[in-house]
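# Breakdown of the fold
Chain residues, written in single-letter form:
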Amino acid sequence: MSRAFELAKRHADAVLVPSGSTLEDCVSHGLSTDRLCVVPWGVTPQSVSERDRSEVRSRYRLPSQFLLWVGTAEPRKNLKALISAVAQTETRLPLLLVGPGGWGVDAGDLIAGSTVDARHLGPVPTGDLGVLYDLADVFVYPSLMEGFGMPVLEAMAQGTAVVTSSDTATGEVAGSAGMLVDPTSVDSIAAGIDSVVGDDKLRGKLALAGEQRAGTMTWERTATEIAAVYNGVLR
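Quick summary incoming for the structure in this document.

### Focus: the overall build of the chain
Counting secondary structure elements, the chain contains 11 helices and eight strands. Whereas a compact globule of 235 residues would reach a radius of gyration of roughly 18 Å, the chain reaches 19 Å, a difference of no more than 12%. Each principal axis of the C-alpha atoms in the chain carries an extent, and together these give about 55 × 35 × 30 Å. Restricting the contact set of the chain to residue pairs at least 6 apart, pairs at least 24 apart contribute 65%. Carbon and sulfur atoms make up 53% of the accessible area of the chain, which totals about 11,400 Å². Of the charged side chains in the chain, 20 are positive and 28 negative, and the gap between their average positions amounts to 3 Å.

### A look at the environment of Cys-26
One can find Cys-26 in helix 2 (residues 20–28). Among the residues examined, Cys-26 registers a relative accessible area of 8% and is labelled buried. Between the C-alpha atom of Cys-26 and that of Val-39, which follows or precedes it by 13 residues, the distance is 14 Å. Beyond its immediate stretch of four places on either side in the chain, Cys-26 contacts Phe-5, Val-17, Leu-31 and Leu-36.

### Some words on the pattern of salt bridges
Counted according to the given criterion, the structure contains 10 salt bridges. For Arg-51, the salt bridge is made with Glu-55, and the minimal N-O distance between the two is 3.0 Å. Residue Arg-51 and its partner Glu-55 are located together in helix 3 (residues 50–59), separated by four residues, close to a single helical turn. Judged by relative accessible area, which is 34%, Glu-55 ranks as partly exposed. Here Asp-200 ties to Arg-203 by a salt bridge, and the two come within 2.7 Å at their closest N and O atoms.

### Topic: the sheet that holds strand 8 (residues 179–181)
Strand order in this open sheet of six strands is 5-4-3-6-7-8, and the pairing throughout is parallel. What marks the edges here is a single partner per strand, and that holds for strand 5 (118–122) and strand 8. Each strand axis lies, on average, 25° off the axis of its neighbour in the sheet, ignoring direction. Two elements, strand 3 (residues 67–70) and strand 4 (residues 95–98), share four bridges in a ladder whose sense is parallel. What sits directly across from Leu-67, in strand 4, is Leu-95. Sheet strands in contact with helix 6 (residues 126–135) are strand 3, strand 4, strand 5 and strand 6 (138–141), and its direction is about 145° off that of strand 3. Sheet contacts for helix 10 (residues 200–216): strand 6, strand 7 (161–165) and strand 8; angle to strand 7, the most-contacted strand, approximately 80°.

Parameters and conventions
- Residues numbered from 1 in each chain as written.
- Predicted model: local features only at pLDDT ≥ 70, side-chain atom pairs only at ≥ 80, totals over all residues.
- Heavy atoms only, no water.
- Helix = DSSP H or I, 4+ residues; strand = E, 2+ residues; numbered from the N terminus.
- Rg over C-alpha atoms; globule rule 2.2 N^0.38 Å.
- Contact = heavy atoms within 4.5 Å.
- Areas by Shrake-Rupley, 256 points an atom, 1.4 Å probe, with all protein chains shown as cover.
- Lys, Arg positive; Asp, Glu negative; His and termini not counted.
- Charge placed at Lys NZ, Arg CZ, Asp CG, Glu CD.
- Buried < 20%, exposed > 50% of the residue type's maximum accessible area, 1.4 Å probe, protein only.
- Salt bridge = Lys/Arg side-chain N within 4 Å of Asp/Glu carboxyl O.
- Pairing = 2+ DSSP bridges.
- Axes fitted to C-alpha atoms, helices over the stretch in contact; angles between N-to-C directions.

Quick look at the structure:
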């Protein structure tokens with residue numbers, strides 16, 4: 001990764017990044033702004049039927065209500081703070097963690113050492129993941145650092161209200177359609193979760209706004225913007 005970045009700094013006419021946050025990181029590591037182009041990623045919503053919902057609920061023995069987190073377990077994902085925050089929420093919904101083990105953090109150990117009603121499902125098939133997003137009451141993603149934050153966009157595309165970090169790329173992705181919290185503050189994360197879970201009207205408003213926002217972030221738009229950058233380099 002370091003070698004590739006150094007080659008890009010030396011030779012690339014244009015460097016595409018998915019967010020302003022990543023652009024700032026690149027600038028801080030020596031890339032000039034005139035070569036950096038922000039092209040956000042896209043999402044394709046998954047159609048979910050009642051049969052899909054019923055089958056996934058049964059397959060994973062899902063509770064009637066739950067919080068959902070999706071990602072690879074590693075320190076920057078802030079799972080320790082998330083679990084601590086869920087433990088002090090008033091609403092105390094169960095927490096489901098989806099995704100593979102990574103490094104530096106063991107999701108199972110964090111759950112075992114807490115009072116939270118939580119499960120780590122591990123990786124799930126892509127088709128099931130879309131249904132899990134759809135079924136979740138709130139998607140929670142208080143990451144400390146992201147280049148983009150695809151799970152946030154995926155959750156929004158499925159019409160699920162999102163609680164995520166304000167000061168990394170996920171804040172850009174969610175915008176005003178998400179409940180933005182300070183990922184370094186357990187109290188802030190817990191308050192954000194409680195405010196969305198405990199207010200049906202707010203949760204519905206965020207879900208609708210997120211779905212509409214995700215509807216503008218298509219892969220077709222991403223491809224068009226990438227092609228424009230390539231054409232600019234080729235002129």
